[in-house]
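Structural overview for review
Below are the chains, spelled out letter by letter.
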Amino acid sequence: MINKRSMMNQTTTLRAGRSALVAAVLAGAVALTGAAPHANAAAGKATLGPFGYGNIRLGMTEAKARGTGRIVRKTIKADTTCSAYDFKNHRYEGNQAGLFISKKQGVVTISAPGKVKTPQGIGWGSTPAQLRATYSNLKQNALYGTYAAVPGNPKAIYVFVASKRMVLGVTLVMTAQTCLR
């Protein structure tokens, strides 16, 4: 039986043709835990998006993000000028990170913690059919793989990591960012 970590490692391996940074960002979309929740008024559960996760927001400066006391810097091997961070309550192994911060643009990616879903209910454990039904605007490209526009935020996309059987993770990405190439 393949566990979630094994599936993520296989997914990261499949993405080897992309930049190491994109693989690291997408790998971070699976198991992030311990971040403060963003309230979803309808369900009362933590969600990722449309502008961030809890008090970590897209575009937030590095100083403000660090000032939340929730993140810790880490070193990864990737061709980027952006800084990699993990949430303090969850540290990734190797070249994985929970978020990336640009000196000019601030926070540009945030990976969903574990079973946290988008406000539309898609995240770890969702089926590919649920993903397609919820995001009819799904697209594919060589950089991001499967992605969709974020409802309510025209400046962001959701990037989905999925197997044939289920969604393994989701990352909120600023579309005009310069970290991922």
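These figures come from a predicted structure and were not determined experimentally. (Residues numbered from 1 in each chain as written. Predicted model: local features only at pLDDT ≥ 70, side-chain atom pairs only at ≥ 80, totals over all residues. Heavy atoms only, no water.)

1. Some words on the overall build of the chain
- Secondary structure summary: the chain contains four helices and ten strands in total.
- Its helices and strands in sequence order give the chain the pattern α-α-β-β-α-β-β-β-β-α-β-β-β-β, from N to C terminus.
- Within the chain, the fraction of its 181 residues that count as buried is 51%.
- Summarising the internal contacts of the chain: among those between residues at least 6 apart in sequence, 53% fall at separations of at least 24. (Helix = DSSP H or I, 4+ residues; strand = E, 2+ residues; numbered from the N terminus. Buried < 20%, exposed > 50% of the residue type's maximum accessible area, 1.4 Å probe, protein only. Contact = heavy atoms within 4.5 Å.)

2. Section: the environment of Gln140
- Tracing the chain through its elements places Gln140 in strand β7 (residues 139-141).
- In this structure Gln140 comes out as exposed when scored by relative accessible area, which is 58%.
- For the pair Gln140 and Val159, spaced 19 residues apart in sequence, the C-alpha separation works out to 9.7 Å.
- Those residues within four positions of Gln140 in sequence are excluded, and the remaining contacts are Gly145, Thr146 and Tyr147.
- A polar contact of 2.3 Å, which involves the side chain of Gln140, links it to the side chain of Thr146. (Polar contact = N/O pair within 3.5 Å; in protein donor to acceptor, adjacent residues only side chain to side chain.)

3. Observations concerning the state of the cysteines
- Throughout the structure, instances matching the rule amount to one disulfide.
- Bridging Cys82 to Cys179, the disulfide has an S-S length of 1.7 Å. The sign of the -90° torsion about the S-S bond sets the Cys82-Cys179 disulfide as left-handed. Placement of Cys82 in the loop between β3 (71-74) and β4 (83-87) and of Cys179 in the segment after β10 (167-174) is noted, with a sequence separation of 97 residues between them.
- Taking the relative accessible area as the measure of exposure, Cys179 reaches 1% and is therefore buried. (Disulfide = S-S within 2.5 Å.)

4. Considerations on the pairing of strand β5 (residues 99-102)
- Along β5, one buried face is formed by Leu99 and Ile101 and the opposite face, lined by Phe100 and Ser102, is buried too.
- Looking at chain direction, β4 and β5 are connected through three bridges and run antiparallel. Opposite Ala84, over in β5, you have Phe100 as the bridge partner.
- One ladder, built from four bridges, connects β5 with strand β6 (residues 106-111); its direction is antiparallel. Bridged to Ser102 within β6 is Gly106.
- Count of turn residues in the β5/β6 antiparallel hairpin: three residues. (Pairing = 2+ DSSP bridges.)

5. Overview of the nonpolar core
- The biggest cluster of nonpolar side chains holds 34 residues, and the ones touching the most others in it are Leu48, Ile71, Leu99, Val107 and Phe160.
- When residues of this core are traced back to their parent elements, those giving at least two are β4, β5, β6, β8 (145-150), β9 (153-162) and β10.
- In terms of residue count, β10 provides more of this core than any other element does, four residues in total.
- If you look at the next biggest cluster of nonpolar residues, it comprises six residues, including Ile157, Val159, Val173 and Leu180. (Core = buried A, V, L, I, M, F, W, Y, C linked by side-chain atoms within 4.5 Å.)

6. Some remarks on the environment of Arg165
- Take Arg165: it is sitting in the loop between β9 and β10.
- For Arg165, a relative accessible area of 72% translates into the label exposed.
- Considering only alpha carbons, one finds Arg165 and Gly125, 40 residues apart in sequence, at a separation of 8.6 Å.
- Setting aside its immediate chain neighbours within four residues, Arg165 contacts Ser126, Thr127 and Pro128.

7. A closer look at the pattern of salt bridges
- Applying the stated criterion to the full structure yields one salt bridge.
- In this structure, Lys74 and Asp86 form a salt bridge, with 3.4 Å as the shortest nitrogen-oxygen distance. Here the residue Lys74 occupies a position in strand β3, and Asp86 occupies one in strand β4, the gap between them amounting to twelve residues. (Salt bridge = Lys/Arg side-chain N within 4 Å of Asp/Glu carboxyl O.)

Limitation: the analysis is restricted to geometry and does not speak to function.
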